[in-house]
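Secondary and tertiary structure notes
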Protein chains: 2
Amino acid sequence: MIFPESIKIVEVGPRDGLQNECTVFNIEQKLQLINSLIDSGIKNIEVTSFVHPKIIPQLADAERLLELIPWNKDVNYNALVPNEKGFERSAKTNLREITVFLSASESHNKKNTNCSISDSLRRIENICRLAKESDIKIRAIIATAFGCPFEGEVPVERVLLITKELYRMGCYEVALGDTIGVANPRQVFDVFNTIRKELPELSYAAHFHDTNKMALANVVTAMQAGVEIFDSSIGGLGGCPFAPGATGNVSTENLVYMLNKMNIETGINLKKLINSISLIEEVLNRKIELIPEFKKIKK
Amino acid sequence: MIFPESIKIVEVGPRDGLQNECTVFNIEQKLQLINSLIDSGIKNIEVTSFVHPKIIPQLADAERLLELIPWNKDVNYNALVPNEKGFERSAKTNLREITVFLSASESHNKKNTNCSISDSLRRIENICRLAKESDIKIRAIIATAFGCPFEGEVPVERVLLITKELYRMGCYEVALGDTIGVANPRQVFDVFNTIRKELPELSYAAHFHDTNKMALANVVTAMQAGVEIFDSSIGGLGGCPFAPGATGNVSTENLVYMLNKMNIETGINLKKLINSISLIEEVLNRKIELIPEFKKIKK
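Since the model is a prediction, treat every value here as computed from it, not as a measurement.

**Considerations on the interface of chain B and chain A**
Taken together, the contact pairs 28 residues of chain B with 28 residues of chain A. Of all residues in chain B, the largest losses of buried area upon contact with chain A belong to B:Met1, B:Arg186 and B:Lys213, amounting jointly to 24% of the total for that side. One salt bridge in this structure joins B:Glu289 and A:Lys213, with 2.9 Å as the shortest N-O distance. At the junction of chain B and chain A, the tally comes to nine residue pairs in polar contact (both at pLDDT 80 or more). Those elements that provide at least two residues to the side of chain B that touches chain A are helix H8 (185-198), helix H9 (215-224) and helix H10 (252-261) of chain B. With five residues, the top contributor of residues to the side of chain B that touches chain A is H9(B).

What follows is the structure, encoded as structure tokens:
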């Protein structure tokens, strides 16, 4: 059984995590969290989003946050850009990478972006054109790539088609998102294996939510299918306790713990990472569920 | 990626689960639980133990329970037998299968059975001789097969050596136990793959605890190494909330859910299984953590 020697972790807590928490972090708290993550060795952070502040008030401070975060050649930041307006906002910041997104299922895409998949692709094509002019790298996330809350199963052919389009438009990396946490380990292997074989030129990431406790199992078969980049969220952020059924991304600490045990390098110091959690608990005023070993580490 | 078409689940909640809960189930509650499990399609149950009642008072009613459970040719019961005295007790019941056990690490074996591994093997050899005379099948569990709380790593060579001895003595099935939940997916594949290649005649089971959230990931790589039998516990029983760090077996419902999603047959009706959990919650007077979909199912 062959696994990668090292894994690149993209910390999405400050964006995907915080936008789904009921408690809003203020800018000082966000900075403290980001600094603490960087201190633990995190090198890739999805730091905020340029979705309209009315829709995601938790991330309304995008521009200010991007002014204040530590700009450091060792850390790669990116932020979600939903449309041309969002790109204009992002272009005025120091960002050298943005993330575009759409869903693999029509009904979720409609709900999430208020347009069809074709319209989303046209929108993304415009953003990509603008980004390339400014020499900005483009990452993409395909949401509901393994299942949709409204449509159920999502055919791999559709995910492949969208991936090909994103590649053609100039995206350098595509993350397949299991938005509602329904992917299973067999499916994860099959989907990544199929798409990577068809389009080996692209870089692939997996973006799993742990809704049904299968996220770590899915990481294992994704690695077997050749995936070496995983999105995860410190503390499993995003599981608002007041929104029944809402659960966060796979937690960065549990992911790093498993990879450490498997002798797969992440460059992240687990002890320091765990200590980032105290700040989160303080702000959210709730306990983050930790495995027994982490409880011993945590200050 | 090849997975088995079907998986045999051995429900260990009534033994491994209940012996680690602070609340003692009375015999009526145990019977209700067992009946409910059988009704959901469970066909293999580790139902109790003949460890001295002073050590495990939760299971002191072994003989009476074995009189009252529904004897049915479709359901296989087994019970833990620690020594000759325990075997004598078991031999007076209807049981046609017993489970012997020892640890793969000296210090855990000493703590758990108050003797060395060699002494345990001698004891087991005596039990096996007696069992064979009575035509009783013998299953074995090797505890701490993936790691020991006192010694850390456990060499696969030692697990192999013990497995060979158990096979020689007449055990038909060996379950490798991750007693403290430290096994990782790579290790699980390597250990089962190594041992199965050396001794393909034996039937192998995996007995995972979910202490560090890796149990389902471990199930996936165990299946890839050819394991088709898994021990699990309804509701993840065994995680006494008053014993810090104690966590139960991988939960039967989460295991069945994942296997269903992977199109792997278990013969278990998930809806009925979930409804067994209400009884457990009532007796333990605490909520069992359920994934969102199960909350919708549960009455």
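Here the narrative resumes.
**Here we look at the packing of H9(B) against H10(B)**
All names here are of chain B. Between H9 and H10, the shortest axis-to-axis distance is 11 Å and the interhelical angle comes to 50 degrees. As judged from the angle between their axes, H9 and H10 are oblique. In the packing of H9 onto H10, the handedness of the crossing is right-handed. Taking contact as the criterion, the partners of Leu-216, Val-219, Val-220 and Met-223 in H9 are, on H10, Asn-254, Leu-255, Met-258 and Leu-259. Split by residue class, the contact of H9 with H10 holds seven nonpolar, one polar and no charged.

**Some remarks on the nonpolar core**
Among the nonpolar cores identified, the biggest contains 214 residues, and A:Phe192 and B:Phe192 are the most heavily contacted of them. Not counting residues within four places of it along the chain, the set of residues in contact with B:Phe192 comprises B:Phe146, B:Leu176, B:Tyr204, B:Ala205, B:Ala206, B:Phe208, B:Ala222, B:Ala225 and B:Val227.

**Observations concerning the packing of aromatic side chains**
Within this structure, the stated rule accounts for nine aromatic pairs over all chains. Each ring, one from B:Phe146 and one from B:Phe192, has its centre 6.0 Å from the other, and the planes form 50 degrees; the classification is tilted. Residue B:Phe146 is found in the loop between strand S5 (137-143) and helix H7 (156-169), and its partner B:Phe192 is found in helix H8; the two are separated by 46 residues along the sequence. Pair check on accessibility: B:Phe146 and B:Phe192 agree, each one buried. Through a chain of ring-to-ring contacts, the aromatic side chains of A:Phe146, A:Phe192, A:Phe208 and A:Phe230 assemble into a single cluster. Here the basic side chain of A:Lys137 rests over the ring of A:Tyr172, its NZ or CZ set 4.2 Å away from the ring centre.

Thresholds, definitions, all that
- Along each chain, residue indices are assigned from 1 in the same order as the chain's sequence is written.
- A letter from A marks each chain and a number from 1 marks each ligand, given out in the order of writing.
- Predicted model: local features are reported for residues with pLDDT of at least 70 only, side-chain atom pairs are reported and counted for 80 or more only, and whole-chain, interface and lining totals are derived from all residues.
- Water and hydrogen atoms play no part in the side-chain values, which are based on all heavy atoms of the structure.
- Here a residue-residue contact requires only that any non-hydrogen atoms of the pair lie within 4.5 Å.
- Simply put, the buried area is the total loss of 1.4 Å probe accessible area from both parts when two parts are fitted together.
- A carboxyl oxygen of Asp or Glu within 4 Å of a side-chain nitrogen of Lys or Arg is what we treat as a salt bridge.
- The term polar contact refers here to a pair of N or O atoms within 3.5 Å; inside protein, the definition further demands a hydrogen-donor-capable atom paired with an acceptor-capable atom, and it admits residues adjacent in sequence only when both atoms are side-chain atoms.
- Numbering goes from the N terminus for both helices and strands, where a helix is a DSSP run of H or I of at least four residues and a strand is a run of E of at least two.
- Geometry is summarised by axes, namely lines fitted to C-alpha atoms with helices restricted to the contacting stretch, and by angles between N-to-C directions that run from 0 to 180 degrees.
- For classification purposes, an angle smaller than 35 degrees is called roughly parallel, one larger than 145 roughly antiparallel, one from 65 to 115 roughly perpendicular, and anything else oblique.
- A crossing counts as left-handed when the near helix is turned anticlockwise from the far one by less than a right angle, and as right-handed when that turn is clockwise.
- Here the term charged refers only to Asp, Glu, Lys and Arg, the term nonpolar to Ala, Val, Leu, Ile, Met, Phe, Trp, Tyr, Cys and Pro, and the term polar to all other amino acids, Gly among them.
- Definition used in this section: a nonpolar core is a set of buried Ala, Val, Leu, Ile, Met, Phe, Trp, Tyr and Cys residues joined via side-chain atoms within 4.5 Å.
- Only protein chains enter the accessibility calculation, which uses a 1.4 Å probe; a residue is then buried when its area is under 20% of its type maximum, exposed when over 50%, and partly exposed in between.
- The aromatic pairing rule takes the rings of Phe, Tyr and Trp, using the six-membered ring of Trp, and pairs them if the centres are within 6.5 Å, calling planes under 30 degrees apart stacked, those over 60 edge-to-face and the rest tilted.
- Cation placement over rings: the criterion is NZ of Lys or CZ of Arg within 6 Å of the ring centroid and within 35° of the ring normal.

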